[in-house]
Structure formats: C-alpha cells, structure tokens
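Here is how the chains run, residue by residue.
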Amino acid sequence: MEAITINHIEDKTHYAFLNNVLKFDRNETEVNRFSESKNLFDSSNVTRTQVLIIGAGLSGLEAARLLRENGVKTIVIEGRNRTGGRIFSLRTKNGHMIDLGGAWIHGINGSIPGGDLTNPIWEIARAAKIPTRSTPVDDLLAFYPANQKPSNVEEWFEDFVDYVREETKMATDDASFEYYANIFANMRNFTVQERYAFYSILHTLIEGNEATELDKIGAKNYMDITGLHYGEEHVFHETGFKAIIDYLTKDVKSGDIRLEQVVTRISYNQELAEVLTANGHVYQADFILLTVPLGVLKARKIEFSPPLPEWKLNAIDRLGYGILDKAILLWDKAWWDSTNYYFMRVSSTPKLFGSWVNANKWHDRPALFCFYFGEEAYKMETTLSDGQVVTAVRNVLQEMFPNVTIPMPIDSYITRWAQDPFSYGSYSHISVNQTHADMIHMSEPVSNQLLFAGEATATQYYGFSHGALLSGRREATRLLYVYGLLPDQTVPTSRSSAISSFHMMVIISFICLQLVLY
Ligand SMILES: Cc1cc2nc3c(=O)[nH]c(=O)nc-3n(C[C@H](O)[C@H](O)[C@H](O)COP(=O)(O)OP(=O)(O)OC[C@H]3O[C@@H](n4cnc5c(N)ncnc54)[C@H](O)[C@@H]3O)c2cc1C
C-alpha cells in the first residue's frame, strides 16, 4: 500500500496527549518488555494480540493500518458482517452506487494561518485514484410556497452567522441556536413568509449538518470549534465512499479483521485486557482501542469492568448525537428538468423533507436523495414502513412540482440509522449540555489499557469522516510514541513510514511546549 503521510493532526488532540502523559506516565521500556514476554496465540475460543481494535469503521481501520505498518500485531473485531461502519455504499438494482451513510468529502483543501491543509480522506482518494466529483454548495434551487421568494434571502444566513458569532463571545455554553434564531427573526421583523424561508434555510444548513434541531445545538461551542478548515469545495466518491474502505483494507491479511464479533464486555486494568463477544469468544490484548459509535456507548450496550469513570460517562452522556436519514428514490428516467445540485423546500414545516440532492445532476442518474433529521427522522423510523416513507416523500414532491404527476419510483432505499444496533444514530454534534472539556474527555484513554477513537472523539472534526480517520491516527500515534509500541522511538521505521520523523517531532515538540505552558 502506498504510504499516506499525516499532514495534520487535530490541534485539540494535543491536549489529550498531554493529559495522558501527565496522568499515566507509563514506563515505555516496560511496555515493550511486557508485550515481548507474551506468547501471541490463537486457540479455539481465546485469541491474543498486542492491540485489539473494536470496530472496523474509518477510525478503527486507519489505526490498524498505521499500527501494522509499524510492526504492531493488531486485530480488528467488528460486530457487523461488513467493514465500513457508517460508510455504507450499496449497488442498486440498476447498477448505480449509492451511499446510505457518509458520502461527501467535506472540504478538500483549505488554508489556516501558517499553512495549507488537505483533507486526509481527499489524500487517500487521490492516492487510490478514486474518481470524485465536485458539488457546489451554492447551486441550490429553493421551492417557495406560491413561488413567493422574499428579497435579500441570500444574505440572511451570513448575517445570522455573523450575529451569532458576535453574541456568543460572551455567552454561556448552554445558549442554543434556536435562542439566537428567534431573536434575529424578531429583530428583522420578518413577515410570516420570510420566517418560513429563514427557518427553512437554518434547517437545511445547520440542522441538516448537525443532524438535530436548533434548540439542541450549543451555539457557543459550535461557533468556537466548527470551521471548514479544508475549504468549501465538497466532493463525493463516484464509485461510493466504500472505495476508501477498500483501499484501507486491501493489504490486510485474513484473520486480521474478524466480522460478526459483537463485543458485550470489556475488562481492563488487569494483566491483559479482555474482551468478550456475544458468540463466547475471548480476546486478550495489551491494549484495546474502542471505536464504537457514541450511540452504542450512550445505550450502554457494552459492559465495562471496572465501570467507566464518571468523567468519561459524563462526557458520553452530555455529548450530542443526532439522526440523519436518507430516502433515496430512483426512476428509470428523470421526470424533472432541474439541473441544480441541491433542492431546498421552503415551507411552514421545513423539517419534513426540506433538503434534497438532485442525483440526476451529480450522479447522472435519475434519482433524488431526500434528507431528514433529528426528531422527525426518529418519528419516521419508528412509525412508518419503507413504503409509507416513499408515499410521504412523493406527496411532498407533488407539492414541489405541482405540474407533474409524480410517477412511482422503480427502486427506493430508506435508512434507519437510529434503529441500527451498531450505531443507534448517525453522528455526534455539540449539544447545549456539553462543555469543551467533555469533548477532550471523550478522546482520552481511561487507563493505560483502554483507549478511544471514532468521530465523536474528534474534538475538531467531530461528526465527519475525516474526524473519524484522524482520531484513528491520533490513537495509533499515542500507542506508538506515548505508550512505546514503536520499537525505536527516535528513528521512524522507514522513509516511507506513515508517520514521518517530521510529524513525530511535531507531536513531541507540541507535548513539550504544552508541558511548559501548563
Ligand atoms: C447518514 C450519514 C451521512 C453522513 N454523511 C457524511 C458525509 O457526507 N461526509 C462525512 O465526512 N461524514 C459523513 N457522515 C459521518 C461519517 O460517516 C462518520 O463520521 C464515520 O464514518 C464514522 O467512522 P467511525 O470509525 O467513527 O465509526 P463507525 O463507522 O460507526 O465504526 C464503528 C464500528 O463499530 C462497530 N460496532 C458497534 N458496536 C459494536 C460492538 N458491540 N461490537 C463490535 N463492533 C461494534 C460498528 O458496526 C462500526 O463498524 C455521515 C454519517 C451518516 C450516518
């Protein structure tokens, strides 16, 4: 596999490194001796390894790749019967690839003071020569009730964001976006039609991204943290996001990733950490890297012995975790003629099927992707059958295109991420209840045996696929350099090593700098 270099490690991640160095102060030589002294074996129902990674999503697979490249014996176990987790590409009956989970690379290149940043998923896509296509965010067709488009509507969103940025400078963590939206709408004296348009825009651009309602998003922390550092060019994988997963796993030996291993119990702080699966298999390891989604942790689907400490449980409970679902309808030929990439439905009930992707434009295929979020998505999942969702979507389309009789789709795909027992939702967001410290706590190990990765542990790019990938790199780096799994910690394994000497120096210098500043 072509080496992929780390060009960026999350800024906030370094706090986690620092805290860890201070908290556990592990003797690295001892760690190496400890590992070597153990005979790695695999008997009928006990498997032993150096690092056991739970979860074969982007975070777990990337951590495994880096560890293996540096000679660390690593096994990934996964509850589903497939790899990829919340990356789930499917070939439709008529041969098109569609993504039921993550689809876009959000921002490919961007600049921050001091340099340029490239999205790490984009780097992989380029290394793997995966075809991608750009989807300009402003190519949006809005459907207004009775075609009444308010004037200046284009400026409202930017004005609102500027207003919230200014107001939240002095605000407490618990002020929500809804609070500011209501004040803003009153200040502008919006008419009823204008209010519909304003809230529809917020629904599509904020609620849609965060997969939850405005009243649940902590505006202050959101404004402090969220930023499209990789720029505003969004692309999707023409052959499905799965191509990235396939690339990450293409050199993996059989037995290194084990499917249908549902973890029910993790015992740590003992000579060897132990993991029990629902089928009665026991995995023993020096280190466990847990990458299951926040929804699984919130639902307490895994038992821990000893129980997780209160600071970790508080972070798990306070972090926000939303639902984003997709209804994908396909026809044998497009009955609509719009060539815009995105549709937005402005109405008094924007939460009901307000955001759309016109796949006829960007996939060259006659399909519409309809997105719905938060409580509305939960309601759909728990009360409607797939057929009823399709009918509801067609009814809304009929409103949007009153001059056409909407034909029955030839095929449809309805996601139910909240009902999925391996995710219990879609991705994390900044809730009104959480603090920034909670996000850092989410990323921290609870002992020198149990570490955490996954999108919800990414303090900066939480929710995104690149956040997940970087969190896997963060924990692999921690294991290699802080916990001493890299045999020679001063010289990287080779020139083409995934972690270059430059990056090792950056991480170590940062830790030293923080120690001085602390
Ligand atoms: C509908 C949707 C749309 C999205 N759109 C985008 C997008 O366009 N762009 C973007 O950047 N991001 C997007 N995301 C987010 C992105 O997909 C995720 O952030 C990323 O895939 C998460 O990777 P992960 O490794 O953290 O978790 P996962 O991919 O969830 O991996 C964790 C793994 O743990 C496994 N697991 C869970 N419980 C157990 C257990 N008990 N035992 C064993 N294994 C277990 C799961 O099966 C899973 O494979 C989207 C997500 C969803 C759901």
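Residues numbered from 1 in each chain as written. Predicted model: local features only at pLDDT ≥ 70, side-chain atom pairs only at ≥ 80, totals over all residues. Heavy atoms only, no water.

Asks: Just checking my understanding: could you explain the packing of aromatic side chains for this structure?
Replies: Two aromatic rings, taken as a pair, are described by how far apart their centres are and by the angle between their planes. The final tally for this structure, using the stated rule, is 24 aromatic pairs. Consider the rings of Trp-156 and Phe-190, whose centres lie 4.4 Å apart with planes at 45 degrees: the pair is tilted. Taken together, the positions of Trp-156 in helix H5 (residues 153–167) and Phe-190 in the loop between helix H6 (177–187) and helix H7 (192–210) put the pair 34 residues apart, joining distant regions of the chain. No difference in accessibility class separates Trp-156 from Phe-190, as the two residues are buried. Taking 5.0 Å as the distance between ring centres and 80 degrees as the angle between the ring planes, the aromatic pair formed by Tyr-179 and Tyr-180 counts as edge-to-face. A relative accessible area of 48% means that Tyr-179 is categorised as partly exposed. Under the relative-accessibility criterion, Tyr-180 is labelled buried at 4%. One aromatic cluster in this structure is built from Trp-156, Phe-160, Tyr-163, Phe-177, Tyr-179, Tyr-180, Phe-184, Phe-190, Phe-198, Tyr-199 and Tyr-222. In this arrangement the basic side chain of Arg-82 is found over the ring face of Phe-88, its NZ or CZ atom lying 3.8 Å from the centre. If you follow Lys-312 out to its NZ or CZ, it ends over the ring of Phe-452, 3.8 Å from the centre. (Phe/Tyr/Trp six-rings, centres within 6.5 Å; stacked < 30°, edge-to-face > 60°. Helix = DSSP H or I, 4+ residues; strand = E, 2+ residues; numbered from the N terminus. Buried < 20%, exposed > 50% of the residue type's maximum accessible area, 1.4 Å probe, protein only. Lys NZ or Arg CZ within 6 Å of the ring centre and 35° of its normal.)

Asks: Hey, could you run me through the sheet that holds strand E5 (residues 104–106) in this one?
Replies: Backbone-to-backbone hydrogen bonds pair the strands of a sheet. The strands run either parallel or antiparallel. Read from one edge to the other, the open sheet built from three strands follows the order E5-E10-E8, with strand pairing classed as antiparallel. Of all the strands in the sheet, just E5 and strand E8 (132–134) have a single pairing partner and so form its edges. On average, adjacent strands in this sheet sit at an angle of 30 degrees to one another, irrespective of strand direction. In the sheet, E5 pairs with strand E10 (residues 234–237) via three bridges, with the strands oriented antiparallel. For His-106, the partnering residue across the bridge sits in E10 and is His-234. (Pairing = 2+ DSSP bridges. Axes fitted to C-alpha atoms, helices over the stretch in contact; angles between N-to-C directions.)

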